[in-house]
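Descriptive analysis of the structure
Each chain, written out:
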Amino acid sequence: MTQTKLEDIVSLAKRRGFVFQSSEIYGGLAGFYDYGPLGVELANNIKKEWWNTVVKESENIYGVDSAIIQNPKLWEASGHVAGFTDPLVDCKSCGMRHRADHLAKTDSTDLKELAKLLKDKACPHCGKKTLTEPRTYNMMMKTWVGPVEDESSVAYLRPETAGPMFTNYENVRETMRAKLPFGIGQIGKAFRNEISPRDFIFRVRELEQMEMQYFVKPDEQKEVYEQWRKFAWDFLIKRVGIKETNLSWHEHDKDERAHYAAAAHDIYFKFPFGDKELWGTHNRTDFDLSNHAKASGKDLEYFDEESGKKFIPYVIESSVGVGRMFLAVLTDAYTEDEVEGEKRIVLKLKPELAPVKVAVFPLLKNKPELVKKAREVYESLKKEFGAVMWDDNGNIGKRYRRQDEIGTPYCVTIDFDTLDNDTVTVRNRDTTKQERVKISELQEKLS
Ligand code: GAP
């Protein structure tokens, strides 16, 4: 387990404007969070890396952005209305509800096995041994479409972004004239009425996913599955900058797999509360397209020109939560060290992900000539990098600490020497080393 404590991450996230409890002034709402000014930048940078790698840099993966609310028949055909469940126990004394598998500390969701494991277990809330038998609980969030609130107008907020990618399979194939193998990628919100949202943004009720469905010929499924497993692992290390030592594999056994999956491998990350799921690769077989073909009456078979055969494509899915990756990134980057005998907190973020790329400081804010020069440097860097912060408050040491805490890779200070020789001090976040750089060479140096 990493040494970083969850409370340190939560505190930094709040203090520096990364993540706030949603509707905090009303006491919040369990399982819902808001991303603040720096958080939205970090999350956008994470999404940009994923979108660029998966969609933009690829020749045969197409992006979509589908509606959160779809025809409810989609979720009946996908098996979610009947099978998107978690095991639950109630406490008869205090009324608290608990995820039965979490309470039993098992990956199994088999009700009989859970009943056995929980036989003598006390409620963790009130301590009484009054838990009910485990039962299943559907996590779909419901709403009504239109003015009448009855059974006929019930609709669901999507529990995963995957569903509408299957119902758009034929649209994308046709409009893009795509041949197998090809993929559809999407980033968007999903909603799950989790029984016990917990661990900050790890398990929430409103989440954002980055998902990709790759449609393949049935005999390619195993090989492609391995490719997407490798993709996820490499992406986390090379594009997100997560340390390999914080990652591990976890293969789902039969009891643990989602109702649509024939195989599933998760990448686990060493979160402060233990090794937990970060990213799933699933073999969804022809489950989704077959069910949608049956339920909609539409022909979703693919005609393979090479073999002259028709078949329903198989699907390999790559699925990861934005918030979970955000938490993994913060945990991985969070470092406490000492500089000149003083403790500092530093986020060693990959520069591509850092919400602020460069901070610009005039040495003194009451010297107009310094401020004027610093503004010029600030404006020109802002044009180039966008995410540039101005700070003229407090001594330079304090300003460095503030930028370290939010992971800004470089700080540029404009001092009296700047006025003489047009050079500035560039300070590196990780080494804390400073060097003098000519203003004319600054952009190139920072790039
Ligand atoms: N389409 C497949 C799917 O949704 P999943 O394993 O249920 O599979 C995929 O979810 C990923 O979405 C997870 O690996 C995790 O990163 C993220 N995720 C799932 N439930 C979440 C929740 N309640 N809160 C935050 N992230 C969640």
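Residues numbered from 1 in each chain as written. Predicted model: local features only at pLDDT ≥ 70, side-chain atom pairs only at ≥ 80, totals over all residues. Heavy atoms only, no water.

Secondary structure assignment for the protein yields 15 helices and 23 strands. Oriented by its inertia axes, the alpha-carbon framework of the protein measures out at about 75 × 65 × 50 Å. Looking at the protein residue by residue over its 447 residues, the buried ones come to 51%. Look at the contacts in the protein between residues 6 or more apart in sequence, and 65% of them connect residues 24 or more apart. When the accessible surface of the protein is summed, it comes to about 21800 Å², and 48% of that surface belongs to carbon and sulfur atoms. Taken together, the 68 basic and 73 acidic charged side chains of the protein have centroids lying 3 Å from each other. (Helix = DSSP H or I, 4+ residues; strand = E, 2+ residues; numbered from the N terminus. Buried < 20%, exposed > 50% of the residue type's maximum accessible area, 1.4 Å probe, protein only. Contact = heavy atoms within 4.5 Å. Areas by Shrake-Rupley, 256 points an atom, 1.4 Å probe, with all protein chains shown as cover. Lys, Arg positive; Asp, Glu negative; His and termini not counted. Charge placed at Lys NZ, Arg CZ, Asp CG, Glu CD.)

With that out of the way, let us pick up the domain arrangement of the protein. Taken domain by domain, the protein holds domain 1 (37-72 + 146-330), domain 2 (85-138) and domain 3 (356-446). For domain 2 versus domain 3, the separation of C-alpha centres amounts to 56 Å. (Domains from an automatic or database assignment.)

What follows covers the site of the ligand. The local shell around the ligand holds 22 residues, among which Glu-160, Arg-192, Glu-194, Glu-211 and Glu-277 are the closest. In the environment of the ligand, a nitrogen atom lies 3.2 Å from a nitrogen or oxygen atom belonging to the backbone of Phe-202. Protein chains shield 92% of the accessible area of the ligand, which is 550 Å² for the free molecule. Top contributing element to the shell around the ligand by residue count: strand β13 (residues 274-285), with 6 residues. Classifying every residue of the shell around the ligand by side-chain character gives 8 nonpolar, 5 polar and 9 charged. (Near = heavy atom within 4 Å. Polar contact = N/O pair within 3.5 Å; in protein donor to acceptor, adjacent residues only side chain to side chain. Nonpolar A, V, L, I, M, F, W, Y, C, P; charged D, E, K, R; others polar.)

One pass over the full model with this rule turns up 21 aromatic pairs. Between Phe-166 and Phe-215, the aromatic rings sit 6.4 Å apart at their centres with planes inclined by 90 degrees, giving edge-to-face as the arrangement. Of this pair, Phe-166 sits in helix α7 (residues 162-167) while Phe-215 sits in strand β10 (residues 206-216), and the two are 49 residues apart along the sequence. Each member of the pair Phe-166 and Phe-215 is classed as buried. (Phe/Tyr/Trp six-rings, centres within 6.5 Å; stacked < 30°, edge-to-face > 60°.)

The subject of this paragraph is a negative patch on the surface. A grouping of Asp-107, Asp-110, Glu-113, Glu-251, Asp-253 and Asp-255 is seen on the molecular surface, where their side chains present a negatively charged patch. Tracing the sequence through the fold places Asp-255 in the loop between β11 (247-251) and β12 (263-271). Residue Asp-255 is classed as partly exposed on the basis of its relative accessible area of 34%. (Patch = residues over 30% accessible without salt bridge, like charges linked within 9 Å, V, L, I, M, F, W, Y side chains within 5 Å. Salt bridge = Lys/Arg side-chain N within 4 Å of Asp/Glu carboxyl O.)

Another point: the pattern of salt bridges. Taken as a whole and assessed by the stated rule, the structure comprises 40 salt bridges. Where Asp-391 meets Arg-402, a salt bridge forms, and the shortest distance between an N and an O atom there is 2.9 Å. One end of the pair, Asp-391, is in the loop between β20 (388-390) and α13 (396-406); the other, Arg-402, is in helix α13, with 11 residues separating them in the sequence. A relative accessible area of 8% places Asp-391 in the buried class.

So, about the side chain of Ser-108. Mapped onto the elements of the fold, Ser-108 is located in the loop between α5 (100-103) and α6 (111-117). Using a relative accessible area of 7% as the deciding quantity, one classes Ser-108 as buried. A polar contact of 3.1 Å, which involves the side chain of Ser-108, links it to the backbone nitrogen of Asp-110.

Moving on, we come to α13. α13 sits mainly inside the fold: 8 of its 11 residues count as buried. All of the buried residues in α13 are Ile-396, Arg-399, Tyr-400, Arg-401, Gln-403, Asp-404, Glu-405 and Ile-406. Here α13 starts with a cap whose side-chain oxygen sits 3.0 Å from the backbone nitrogen of Gly-397, and that cap is Asn-395. Gly-407 lies just past α13 and shows a positive phi near 85 degrees.

Here we come to the sheet that holds strand β3 (residues 61-63). Read across the sheet, 7 strands follow the order β3-β9-β10-β16-β13-β12-β11 without closing on themselves; strand pairing throughout is mixed. The open sheet is flanked by β3 and β11, the only strands paired with a single partner. Across the sheet, the mean angle separating the axes of adjacent strands is 25 degrees when strand polarity is ignored. Inspection of the sheet shows strand β9 (residues 182-191) paired to β10 by 10 bridges, in the antiparallel sense. (Pairing = 2+ DSSP bridges. Axes fitted to C-alpha atoms, helices over the stretch in contact; angles between N-to-C directions.)

To continue, consider the sheet that holds strand β22 (residues 423-428). What the 5 strands build is an open sheet, ordered β20-β19-β21-β22-β23; its pairing is mixed. Each having just a single partner strand, β20 and β23 (434-438) make up the two edges of the open sheet. The sheet shows a mean angle of 25 degrees between the axes of neighbouring strands, taken without regard to direction. Sheet analysis places strand β21 (residues 410-414) next to β22, joined by 4 bridges and oriented antiparallel. In the sheet register, Cys-411 faces β22, and the bridge partner there is Arg-427. Of the strands in this sheet, β19 (358-362), β20, β21, β22 and β23 are in contact with α13, which crosses β19 at around 170 degrees.

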